[in-house]
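Each chain is listed here by its residues.
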Amino acid sequence: MLHKNQQIVIDTLNIKVNKTPASRLEQTDFSNLAFGRTFSDHMFVADFEDGEWKNLQIMPYGDLPFSPAMSALHYGQAIFEGIKAYKLQNGDISIFRPLKNYERFNISAERMSMPAVPEDLFMQGMTQLIALDKNWVPGNEGQSLYIRPVMFATDPVLGVHASETYKFIILTGPSGAYYSKPLRVKIETHYARAAEGGVGYAKTAGNYGRALLPTKQAQKEGFDQLIWTDARDHGYIEESGTMNVMFVIDDVLITPSTRDTILDGVTRKSILQLAQSWGVKVEERRVTVEEVVKAAKEGTLQEAFGAGTAATVAHIAQIGYESEIYTLPEPLSRKFSNKVSKALSDIRYGITADEFGWNYIL
Ligand SMILES: Cc1ncc(COP(=O)(O)O)c(C=O)c1O
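Residues numbered from 1 in each chain as written. Predicted model: local features only at pLDDT ≥ 70, side-chain atom pairs only at ≥ 80, totals over all residues. Heavy atoms only, no water.

### Some thoughts on unusual backbone geometry
In this structure, Asp 50 is a non-glycine residue whose phi angle is positive, near 50°. Along the chain, Asp 50 falls in the loop between β2 (42-49) and β3 (52-60). For Asp 50, a relative accessible area of 68% corresponds to the exposed category. Phi angles above zero are rare outside glycine, and Arg 97 is one such case at about 45°. For Arg 97, the location among the structural elements is in the loop between β6 (93-96) and α2 (98-111). In this structure Arg 97 comes out as buried when scored by relative accessible area, which is 11%. (Helix = DSSP H or I, 4+ residues; strand = E, 2+ residues; numbered from the N terminus. Buried < 20%, exposed > 50% of the residue type's maximum accessible area, 1.4 Å probe, protein only.)

In structure tokens, the structure reads:
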């Protein structure tokens, strides 16, 4: 019998499957999984040529040949997504809200002048790949299968132009439990991650490259991450590292409203929905640096955390701003962020009922 959200893995696209003759599963140490370094046996690959997607195939994970003139390398047409699949308590495999990532992938594609990926290609590629590599979905506490769809421009031609050819690939890999110590973050007042009219809302490679130097500098000063502020006057809070950011001030959950400088996170959306369902007062609006610093000084900043697929909830222990350090209440004592982190985890692992229909069960 099918569950309420159970999907059937279908193949209306006739994806060619070339199975590896030598699985690496046996040699993989599932008790020691460093993020992003272990890949499952297979990957899904499709090519965009002559205005259509073709050569749909699942093949052994491995290197691909590329031209040194490949336009993604020179002009940055490269987008990606980050999704997780979980082994439920009953043994089923569930992907967390993949259609939200699918929508965001095509929002990124449009901004970067890249072709849209059809929903059946994205979803059938992903579900068939995971069904084939189902033994790679780890089952220990806190573990998951990380899913990385990526698209990049492949025209082997120099000269700035929107490429006419692209590759769409889905890779997966088991990932370990995410233990993050509470973060020390610095409110950035010089560098910017994104500007109005730019590409901040797209999950495109350059947004991550440009963040590395400022992040490295903050790390030299003893911080773990940055809180990005608006590019114009650094007066508004935007995101924290590669996460959306949330605050609890006077029992109100406050988070920057999404705009073209902010990535519209799936975790953010899910946390807001849970908070609203619990009757927590939520404000999505522009958030000033001044009000957060004032609340920290006055002791009304009860909680601050980053929200994203990797950590779900990453507590912020200290905030640095203009050479002052503000220490927030002890993370273990924080009511909302601990409750929401557990609630999301319990839904993802099928421990509690999935009332919102977020689990896409294979
Ligand atoms: C810049 C940025 N903001 C926010 C997020 C959080 O988004 P999500 O919850 O969809 O993982 C991510 C991670 O994908 C990110 O890279």
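### Quick word on the pattern of salt bridges
Tallying each qualifying case throughout the model produces 18 salt bridges. We note a salt bridge from Lys 186 to Glu 221, for which the minimum N-O separation is 3.3 Å. Of the two residues, Lys 186 sits in strand β9 (residues 183-187) while Glu 221 sits in the loop between α4 (205-220) and β10 (225-229), which places them 35 residues apart along the sequence. Its relative accessible area of 16% is what places Lys 186 among the buried residues. Salt-bridge contacts for Arg 259 lead to Glu 196; the nearest nitrogen and oxygen are separated by 3.5 Å. Pair noted here: Arg 259 is in the loop between β13 (252-256) and α5 (266-277) and Glu 196 is in the loop between β9 and α4, with a separation of 63 residues, a long-range link. Salt bridges here are not isolated pairs; linked through shared partners, they connect Glu 196, Arg 232, Glu 238 and Arg 259. (Salt bridge = Lys/Arg side-chain N within 4 Å of Asp/Glu carboxyl O.)

### Some words on the environment of Gly 62
Positionally, Gly 62 belongs in the loop between β3 and α1 (71-75). Judged by its relative accessible area of 26%, Gly 62 falls in the partly exposed class.

### Remarks on the packing of aromatic side chains
Evaluation of the coordinates by the stated rule reveals 17 aromatic pairs. For the ring pair Trp 53 and Phe 168, a centre distance of 6.2 Å and an interplane angle of 75° mean the geometry is edge-to-face. Here Trp 53 is found in strand β3, whereas its partner Phe 168 is found in strand β8 (residues 166-175), with 115 residues between them in sequence. Given the relative accessible area of 14%, Trp 53 is considered buried. With centroids separated by 6.2 Å and ring planes inclined at 35°, the aromatic side chains of Phe 305 and Phe 336 adopt a geometry described as tilted. A residue pair is termed long-range when its members are at least 10 positions apart, and Phe 305 in strand β16 (residues 301-308) and Phe 336 in helix α7 (residues 335-348) qualify at 31 residues. Residue Phe 336 is classed as buried on the basis of its relative accessible area, which comes to 9%. (Phe/Tyr/Trp six-rings, centres within 6.5 Å; stacked < 30°, edge-to-face > 60°.)

### With respect to the packing of α2 against helix α3 (residues 119-132)
Viewed as axis vectors pointing N to C, α2 and α3 meet at an angle of 135°, and their least axial separation amounts to 11 Å. Taken together, the axis directions place α2 and α3 in an arrangement best described as oblique. Of the two elements, α2 crosses α3, and the hand of that crossing is right-handed. Contact with α2, carried on its side by Pro 98, Leu 99, Asn 101, Tyr 102 and Phe 105, involves Glu 119, Phe 122, Met 123 and Met 126 of α3 and no other residues of that element. When grouped by side-chain class, the residues that make up the contact of α2 with α3 number seven nonpolar, one polar and one charged. (Axes fitted to C-alpha atoms, helices over the stretch in contact; angles between N-to-C directions. Parallel < 35°, antiparallel > 145°, perpendicular 65-115°, else oblique. Left-handed = near helix turned anticlockwise from the far one by under 90°. Contact = heavy atoms within 4.5 Å. Nonpolar A, V, L, I, M, F, W, Y, C, P; charged D, E, K, R; others polar.)

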